[in-house]
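Examining the three-dimensional arrangement
Listed below are the residues making up each chain.
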Amino acid sequence: KQWYQRRVAITAGDDEIDYSGYKILRVNLKEDADTEMVREWAESESVNVLGEGIGGTVDILVSPGFYQPVLSSIEQAEMNYEVLDEDVGREIEEEKKELLRAIPGVFDFTNYYAVRYQHLHLDALARAHSDKAETFSIGTSYEGRDLKAIRISNNLVNSDSKPMIWVDGGIHAREWVSHTVVMYFANALLGEVEQQKQATFNSLLDKYQFVLLPMSNPDGYEYSRSSNRFWRKTRRPSGCKYNNCNYGRCYGIDPNRNFDADFGNKGVSRNPCSDVYPGKQAFSENNTKAMRDYILKNLSQIKLYLSFHSYSQLFLKPIGYTTRKPKDYATHDAAGSAAVSAIRNTYGKVYKNIRSVELYPTSGSSQDWAYLKGIVHSYTIELRDTGRYGFRLPAREIVPTGKENLNAFIALLNQL
């Protein structure tokens, strides 16, 4: 098939992307040749791979111009498929209408908010709970935005020596619910929500200091709000398409392929326009460098590294780049079992407890890097849903997603 070698419709530039008529397909890959065909489509940017599932399924975003050729190839290969979304653009327009209903200057869990409103809310939490919370920046993004974190503990001024719990979200720009759940955690720890759990949190705040970085990729997130809803990476210029800038410039590095854990080997692309381009070297990005530096500075105290992503409803354990089980496999499995049980006992949602490599092999993830640095409990949680809305999870699901994962968080802390 040569049609995929034409110039792609899914771009990485600055213009706003109109997704009218785009479709999302879920394709069942039967054999290696099917997987290779989809990989070639993605490498040439003919489709955008949105998610890969257990059991050989893949969700792909296809433009109107490529839909018929892609469909013909799928049918010729006798792969089963289903259409998850007939018109992505229509649903994005509905989402934009929801965003416009947000009250400027207000932050709550009924909508998704711009970075500056998230940061203002974190600062307001710290002011309202000055004995328990403080905000600080671990660095700045390529475009100059703060990488703002909040530290929470009882008797904060005397908490520097307590064991530390690290939680981050938003490393992939389009995964909006991931940073919103971390914001929910901050509010819960400080009693702004989940008041019925305050006795539990009070005990945990006596024991630990919590450092939460809700928005670890602010440039990418803002771009996903303004220009390309499916943007995944950072926004630093990364090279030229086909090594020839006449074909267009490329932007962004995948932050979750940019950590120094088997860097650049699996689940990556050398095409700088690809969604899984890892960069030329590990920690090339401001946000990944800042995370690295803060975590290394506090490494001896960190007892849990937890990173939130979406979508697929998965609890992912180390390691992502090899099928060889790590020495802490049994510990990881017990932690995962506790977390997914707590989630299921909240609203009945099923999250699967698997090793990252069982989903697909990847190098350069933050979870694996943290584990290799000695943080035994290093995990990733892929949040709701399983594909109906995907990255465009409706705001009405923020609170239930936050609640079920807060219960998982408590279960994890009880495993330490």
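What comes next is a walk through the structure. No experiment lies behind these values; they were computed from the predicted model shown.

1. Topic: the overall build of the protein chain
- Regarding its fold elements, the protein chain presents 12 helices and 14 strands.
- For the protein chain, whose C-alpha radius of gyration is 21 Å, the value lies close to the compact-globule estimate of 22 Å for 416 residues.
- Its C-alpha atoms put the protein chain at 65 × 50 × 40 Å along the principal axes.
- By sequence separation, contacts in the protein chain at least 24 residues apart represent 75% of the contacts at least 6 residues apart.
- When the accessible surface of the protein chain is split by element, carbon and sulfur atoms take 46% of a total near 16500 Å².
- Here the protein chain contributes 51 positively and 52 negatively charged side chains, and the mean placements of these two sets differ by 3 Å.

2. Describing the state of the cysteines
- Scanning the entire structure with this criterion turns up 2 disulfides.
- Note on cysteine connectivity: Cys240 is disulfide-linked to Cys245, with sulfurs 1.6 Å apart.
- Between the sulfur atoms of Cys250 and its disulfide mate Cys273 the distance is 2.0 Å. For the disulfide bridge between Cys250 and Cys273, the dihedral angle about the S-S bond is near -85 degrees, and by the sign convention the bridge is left-handed. One end of the pair, Cys250, is in strand E10 (residues 249–251); the other, Cys273, is in the loop between E10 and helix H8 (286–297), with 23 residues separating them in the sequence. Of the two residues, Cys250 and Cys273, both sit in the buried class.

3. Things to note about the packing of helix H5 (residues 176–189) against helix H12 (residues 398–413)
- The N-to-C vectors of H5 and H12 enclose an angle of 65 degrees; their axes lie 9 Å apart at closest approach. Handedness of the crossing formed by H5 with H12: right-handed. Residue-level inspection shows Val177, Thr180, Val181, Tyr184, Phe185 and Ala188 of H5 in contact with H12, the latter providing Ile398, Val399, Thr401, Gly402, Lys403, Asn405, Leu406 and Phe409.
- Per-class residue counts for the contact of H5 with H12 are 9 nonpolar, 4 polar and 1 charged.

4. Some details on the nonpolar core
- Judged by nonpolar contacts, the single largest core of 57 residues is most densely connected at Phe210 and Phe409.
- Residue contributions to this core peak at 10 residues, all from H5.
- Apart from the residues within four sequence positions on either side, Phe409 is in contact with Ile165, Val167, Phe185, Phe210, Leu304 and Leu306.

5. Some words on the side chain of Asn111
- Mapped onto the elements of the fold, Asn111 is located in the loop between helix H3 (88–100) and helix H4 (115–128).
- There is a polar contact of 2.7 Å between the side chain of Asn111 and the backbone oxygen of Glu98.
- The residues touching Asn111, leaving out its near neighbours within four places in the chain, are Glu98, Leu99, Arg101, Ala102, Ala395 and Ile398.

6. With respect to the sheet that holds strand E11 (residues 302–310)
- Read across the sheet, 8 strands follow the order E5-E6-E8-E7-E11-E14-E12-E13 without closing on themselves; strand pairing throughout is mixed. Bordering the open sheet on either side are strand E5 (133–140) and strand E13 (352–355), each of which pairs with just one other strand. Mean inter-strand twist for the sheet, computed between neighbouring axes without regard to direction, equals 20 degrees.
- Pairing of E11 with strand E14 (residues 378–383), which is carried by 6 bridges, proceeds in the parallel orientation.

7. Considerations on the sheet that holds strand E4 (residues 81–85)
- What the 4 strands build is an open sheet, ordered E2-E3-E1-E4; its pairing is antiparallel. The sheet is open, and its two edges are formed by strand E2 (47–53) and E4, each paired on a single side. Taking the axes of each pair of neighbouring strands and ignoring which way they run, one obtains an average angle of 25 degrees across the sheet.
- Direction of pairing for strand E1 (residues 23–28) relative to E4: antiparallel, over a ladder of 4 bridges. Among the inter-strand pairings, Ile24 is bridged to a residue of E4, identified as Asp85.
- Strand contacts of helix H1 (residues 32–43): E2 and strand E3 (57–62), with the helix running at about 135 degrees to E2, the strand carrying the most contacts.
- Together, E1, E2, E3 and E4 form the strand contacts of helix H2 (residues 64–76), whose direction differs from that of E3 by roughly 150 degrees.

8. Concerning the pattern of salt bridges
- Summed over all chains, the structure comprises 28 salt bridges.
- As a salt-bridge pair, Arg236 and Glu285 come within 2.6 Å of each other at their nearest N and O atoms. Note that Arg236 is positioned in the loop between helix H7 (218–226) and strand E9 (237–240) and Glu285 in the loop between E10 and H8, a separation of 49 residues in sequence.
- With a relative accessible area of 25%, Arg236 lands in the partly exposed category.
- In this structure Glu285 comes out as buried when scored by relative accessible area, which is 2%.

9. Observations regarding the pairing of strand E6 (residues 146–152)
- In terms of residue burial, E6 counts as a mostly covered element, since 6 of its 7 residues are buried.
- Between E5 and E6, which follow one another and run antiparallel, lie 5 residues, and Gly144 among them has a positive phi close to 90 degrees.
- Here E6 pairs with strand E8 (residues 209–213) via 3 bridges, running antiparallel. Within E8, the residue paired with Ile150 across the bridge is Leu212.

About the thresholds
- Along each chain, numbering runs from 1 in the same order as the chain's sequence is written.
- Where local features are concerned, this predicted model is filtered to residues with pLDDT of at least 70; where side-chain atom pairs are given and counted, the filter is 80 or more; whole-chain, interface and lining totals use all residues.
- The basis for the side-chain values is all heavy atoms of the structure; hydrogens and waters are excluded.
- Strands here are runs of E lasting at least two residues and helices are runs of H or I lasting at least four, both read from the DSSP assignment and numbered beginning at the N terminus.
- All radius of gyration figures rest on C-alpha atoms, and the globule criterion is 2.2 Å times the number of residues raised to 0.38.
- Any pair of residues with heavy atoms lying within 4.5 Å of one another is described as a contacting pair.
- Surface exposure here means Shrake-Rupley accessible area, sampled with a 1.4 Å probe, where a residue is shielded only by the protein chains that are shown.
- Working convention for charge: Lys and Arg count positive, Asp and Glu count negative, and His plus the chain ends are omitted.
- Where a charge sits is defined by one atom per residue type, namely NZ (Lys), CZ (Arg), CG (Asp) or CD (Glu).
- Disulfides are defined in this document as cysteine sulfur pairs within 2.5 Å.
- The cut-offs for exposure are 20% and 50% of the maximum accessible area for each residue type, with area from a 1.4 Å probe on protein chains only; residues under the lower value are buried, those over the upper are exposed, and the others partly exposed.
- Lines fitted to C-alpha atoms define the axes, with helix axes restricted to the stretch in contact, and inter-axis angles between N-to-C directions lie between 0 and 180 degrees.
- Left-handed describes a crossing whose near helix is turned anticlockwise from the far helix by less than a right angle; the clockwise case is right-handed.
- Under this grouping Gly is polar, as are all residues other than the nonpolar Ala, Val, Leu, Ile, Met, Phe, Trp, Tyr, Cys and Pro and the charged Asp, Glu, Lys and Arg.
- The definition of a nonpolar core used throughout is a set of buried Ala, Val, Leu, Ile, Met, Phe, Trp, Tyr and Cys residues joined through side-chain atoms within 4.5 Å.
- Nitrogen and oxygen atoms within 3.5 Å of one another constitute a polar contact, given that in protein one can donate a hydrogen and the other can accept it, and given that sequence-neighbouring residues count only through two side-chain atoms.
- In this scheme, strands are said to pair when DSSP sees at least two bridges between them.
- Salt bridges are counted wherever a side-chain nitrogen of Lys or Arg sits within 4 Å of a carboxyl oxygen of Asp or Glu.

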